[in-house]
Amino acid sequence: MRPARKSTRVRLWGATVAAVAVAAYCWWSTGLRPFTVPAYAAVGLPVVALAVVAAATRGAWRRATHGSAPGRTKTPNLGLRRVLPWTVLLAAAAGLEGAGLALGGRSSSVPTLSTVVDHALAWHVVRFVMFAAWLAVGFAPTIRPRWRHRYDVALR
Amino acid sequence: MIVTVAWLVLGATAALWELVCRRSGGRWASLGAIGSAWWQRLPGVIVLIAVWAFVGWHVFARYTVPK
């Protein structure tokens, strides 16, 4: 077998095993009772892992996005106009959340985002999907630094 | 009920707008681009991880299924 093909196979197996392990963790952690130490710990473990991975990969990410020369570092220019629609959406969400909280947070006529989400969390499979999505969002910037390079190129 | 629909509309709008931003060729900043910009500096990384952690604990460790 050629070394390149063997390497691809090993990587594929590794990715499959990792995906199954993460899925199993998502299923287990979303089956825990809320407001218990295991439930807090099940969320805390990925948080600690992300902090460690972020610290370990920051150097690699900087090199992938800016090169190793110190003078090449460039902060992407976001600009107020380009983020304005997000600001409007955030303001609308803050308004709804504020109104819901002002009414006690558990109002059926003006529910907070948490109350709306809580309805969906009644099903284990929904919690599983949401937990997996939460993990994906958190770890996305650390898994493939080159992916983020595309965004930075688009911002320049 | 109206506010629940408003939340769903807001979520759908955000998802749709993210797609528009990603296809705009850099004209509009997507959430990915905003996150990427924040991720470049240590305070930004700390804030992003803190927000992500808060969402995780709030949603998955502190939820109450309505009766």
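Conventions used here
Residues numbered from 1 in each chain as written. Chains lettered and ligands numbered in written order. Predicted model: local features only at pLDDT ≥ 70, side-chain atom pairs only at ≥ 80, totals over all residues. Heavy atoms only, no water. Salt bridge = Lys/Arg side-chain N within 4 Å of Asp/Glu carboxyl O. Helix = DSSP H or I, 4+ residues; strand = E, 2+ residues; numbered from the N terminus. Buried < 20%, exposed > 50% of the residue type's maximum accessible area, 1.4 Å probe, protein only. Contact = heavy atoms within 4.5 Å. Buried area = accessible area lost by both parts, 1.4 Å probe. Polar contact = N/O pair within 3.5 Å; in protein donor to acceptor, adjacent residues only side chain to side chain. Nonpolar A, V, L, I, M, F, W, Y, C, P; charged D, E, K, R; others polar.

A.B. asks: Explanation requested: the pattern of salt bridges in the structure shown.
C.D. replies: As a working rule, side chains carrying opposite charge can pair if their charged atoms are close by. Residue and element names in this part refer to chain B. Scanning all chains against the criterion turns up 1 salt bridge over all chains. The closest approach of N and O atoms between E18 and R22, which form a salt bridge, is 2.7 Å. Remark: R22 and E18 occur in helix 1 (residues 2-23); sequence separation between them is 4 residues, near one turn of the helix. For R22, a relative accessible area of 44% puts it in the partly exposed group.

A.B. asks: Help me out: how do you make sense of the interface of chain B and chain A in this one?
C.D. replies: Often, the extent of an interface is quoted as the loss of accessible area upon association of its parts. Taken residue by residue, the interface counts 43 residues in chain B and 61 residues in chain A. Buried area between chain B and chain A, summed over both chains or domains, comes out near 4700 Å², and the portion from carbon and sulfur atoms is 70%. One can count 0 salt bridges joining chain B with chain A. Where chain B touches chain A, the interface holds 11 residue pairs in polar contact (both at pLDDT 80 or more). Taken together, the elements giving at least two residues each to the side of chain B that touches chain A come down to helix 1, helix 2 (31-39) and helix 3 (42-61) of chain B. Ranked by residues supplied to the side of chain B that touches chain A, first place goes to helix 3 of chain B with 12 residues. Here the side of chain B that touches chain A is built from residues that sort into 28 nonpolar, 10 polar and 5 charged.

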